[in-house]
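Now for the letters of each chain:
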Amino acid sequence: MTPTTVARPRPTPSPPSAEHPVAIVAGASRGLGLEISRVLVARGWRVHGLARDGAELDRAVAAVGGPDGAYVPHVADVRDPDRVAAVVDAVLGEDGRVDAAFHVAGVIEVGGIEGVTLGHVHEAVDTMLYGPLHLALAVLPAMRERGVGRIGVVASVGGLVAVPRLLPYCVAKFGAVGLAEGLAAELAGTGVTATSVTPWLMRTGGHVHARFTGDAPVDHAWFSAGASLPGVSLPVDRAARRIVDGVLAGRPTVGTSPYVALARRVHGVAPATTVRAIGLAARLLPGRAPERDWRRTDAPGPEGAAVARRHPSRVRDVVTTLGRRAARRQNELG
């Protein structure tokens, strides 16, 4: 699109109109994206949900609930800018507006550096950095034309401090934080806001679809426990409400837990000490990834559900009870 040189007025930021507000949620078929869609629909929004899996989207329509037509599914891969642009154009053609856009789509690859390939990194970056970039650039012209809009980029606490065994994920999430904060600065005074969302670990059931690229049984044991235990992981419904509230209020940053605020402050005050402490934690984690040629363009690693089937454990099943309940509610289980 050719950029315009026409000067535009700079209205005071205000929340989207309460009259038939329209949202796009990328990654809306399961997990946090599904819960954000539920929150919006319950508040009277019309949600256009994007995801790669059509069958998951079909189940999500029933899982979200609400009036007929309140949740509209679109099969789309956020890595494809043409497809993202086509969906945004379709939404504008149907509803005439996009009040808010949430990018939640993501992938999680768990494993040590020995097993990381370029394929893992590209998959993470293409989904969780280029994905929100594609969505933001697609919705911005219409939002700027109206002088109002909200963009929420869901990153992670792993975009503020590096998390052991999650290198590709953290690379992408650090980029997503920079993208959201850069957008917020660029859009100041336009009436359109961008929010960097950095949640703590949540009970979404996402460990079912996480891919384990290292010592799969060992990494799956500690990761699935952390994603399920109270005190370590947070209820996804509470996090989703905070995220929606923060994005619609136009806040530059939103966290979902005091842990996130603590991580941000500690890293800001003592970054070298923080990195050393994380390095110690990485050394204490059990298991070791298989050696792979880092130049490989594929992204090998079984999903959590497959690891659990191949390596049954009664203790793990007890520890992950809440995580499995969340997986059922959040459409993580086909």
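Residues numbered from 1 in each chain as written. Predicted model: local features only at pLDDT ≥ 70, side-chain atom pairs only at ≥ 80, totals over all residues. Heavy atoms only, no water.

Our next topic: a nonpolar patch on the surface. A contiguous nonpolar surface patch, about 260 Å² in accessible area, is contributed by Ile113, Leu167 and Val171. You can see Val171 is positioned in helix 6 (residues 167-186). (Patch = residues over 30% accessible without salt bridge, like charges linked within 9 Å, V, L, I, M, F, W, Y side chains within 5 Å. Areas by Shrake-Rupley, 256 points an atom, 1.4 Å probe, with all protein chains shown as cover. Salt bridge = Lys/Arg side-chain N within 4 Å of Asp/Glu carboxyl O. Helix = DSSP H or I, 4+ residues; strand = E, 2+ residues; numbered from the N terminus.)

We now examine the packing of helix 1 (residues 31-42) against helix 8 (residues 236-248). Packing of helix 1 against helix 8 brings their axes to within 9 Å, and their N-to-C directions diverge by 65°. Relative to helix 8, the crossing made by helix 1 is right-handed. Within the contact between the two elements, helix 1 uses Leu32, Glu35, Ile36, Val39 and Leu40 and helix 8 uses Val236, Asp237, Ala240, Arg241, Ile243, Val244 and Leu248. Per-class residue counts for the contact of helix 1 with helix 8 are nine nonpolar, no polar and three charged. (Axes fitted to C-alpha atoms, helices over the stretch in contact; angles between N-to-C directions. Left-handed = near helix turned anticlockwise from the far one by under 90°. Contact = heavy atoms within 4.5 Å. Nonpolar A, V, L, I, M, F, W, Y, C, P; charged D, E, K, R; others polar.)

Here we come to the packing of aromatic side chains. Within this structure, the stated rule accounts for three aromatic pairs. When the ring of Trp200 is compared with that of Tyr259, the centres are 4.8 Å apart and the planes differ by 55°; the resulting orientation is tilted. Of this pair, Trp200 sits in the loop between strand 7 (192-198) and strand 8 (202-203) while Tyr259 sits in helix 9 (residues 258-269), and the two are 59 residues apart along the sequence. In this structure Trp200 comes out as partly exposed when scored by relative accessible area, which is 25%. For the pair Phe212 and Phe223, a centre-to-centre distance of 5.9 Å together with 75° between the ring planes defines the contact as edge-to-face. With Phe212 in strand 9 (residues 211-212) and Phe223 in helix 7 (residues 216-226), this pair connects stretches of sequence that are eleven residues apart. For Phe212, a relative accessible area of 1% translates into the label buried. The rings of Phe212, Trp222 and Phe223 are connected pair by pair, giving a single aromatic cluster. (Phe/Tyr/Trp six-rings, centres within 6.5 Å; stacked < 30°, edge-to-face > 60°. Buried < 20%, exposed > 50% of the residue type's maximum accessible area, 1.4 Å probe, protein only.)

Bringing the pattern of salt bridges into the picture now. On inspection of all chains with the given rule, the structure shows 18 salt bridges. When the shortest N-O distance is used, the salt bridge between Arg329 and Glu35 registers 3.6 Å. With a gap of 294 residues between them, Arg329 in helix 13 (residues 321-329) and Glu35 in helix 1 connect regions that are remote in the sequence. For Arg329, a relative accessible area of 46% corresponds to the partly exposed category. Across the pair Arg211 and Glu109 runs a salt bridge whose closest N-O atoms are separated by 3.9 Å. Residue Arg211 is found in strand 9, and its partner Glu109 is found in strand 5 (residues 109-110); the two are separated by 102 residues along the sequence. Residues joined in a network through salt bridges with shared partners are Arg30, Glu56 and Glu332.

To continue, consider helix 13. Gly323, Ala326 and Ala327 are the residues of helix 13 that are buried. Seen from one end, helix 13 has its buried residues packed into an arc of 105°, which puts them on one side. Check the buried side of helix 13 and you find it contacts strand 8. Phi for Asn331, located one or two positions after helix 13, is positive at around 65°. (Arc of directions from axis to C-beta.)

Attention now moves to the environment of Val72. With respect to the helices and strands, Val72 occurs in strand 3 (residues 71-75). The buried category is assigned to Val72, whose relative accessible area is 15%. For the pair formed by Val72 and Leu57, sequence separation is 15 residues and the distance between their alpha carbons is 9.0 Å. Leaving out residues up to four positions away in the same chain, Val72 has contacts with Arg46, Val47, His48 and Gly49.

Moving on: the sheet that holds strand 6 (residues 149-154). In space, the seven strands of this open sheet follow the order 3-2-1-4-6-7-11, with parallel pairing throughout. Here the strands that pair on one side only, and so sit at the sheet edges, are strand 3 and strand 11 (253-255). Adjacent strand axes in the sheet meet at a mean angle of 20° when their direction is disregarded. Bridging between strand 1 (residues 22-26) and strand 2 (residues 46-51) involves five bridges; their strand directions are parallel. By the bridge assignment, Ile24 is partnered in strand 2 with His48. (Pairing = 2+ DSSP bridges.)

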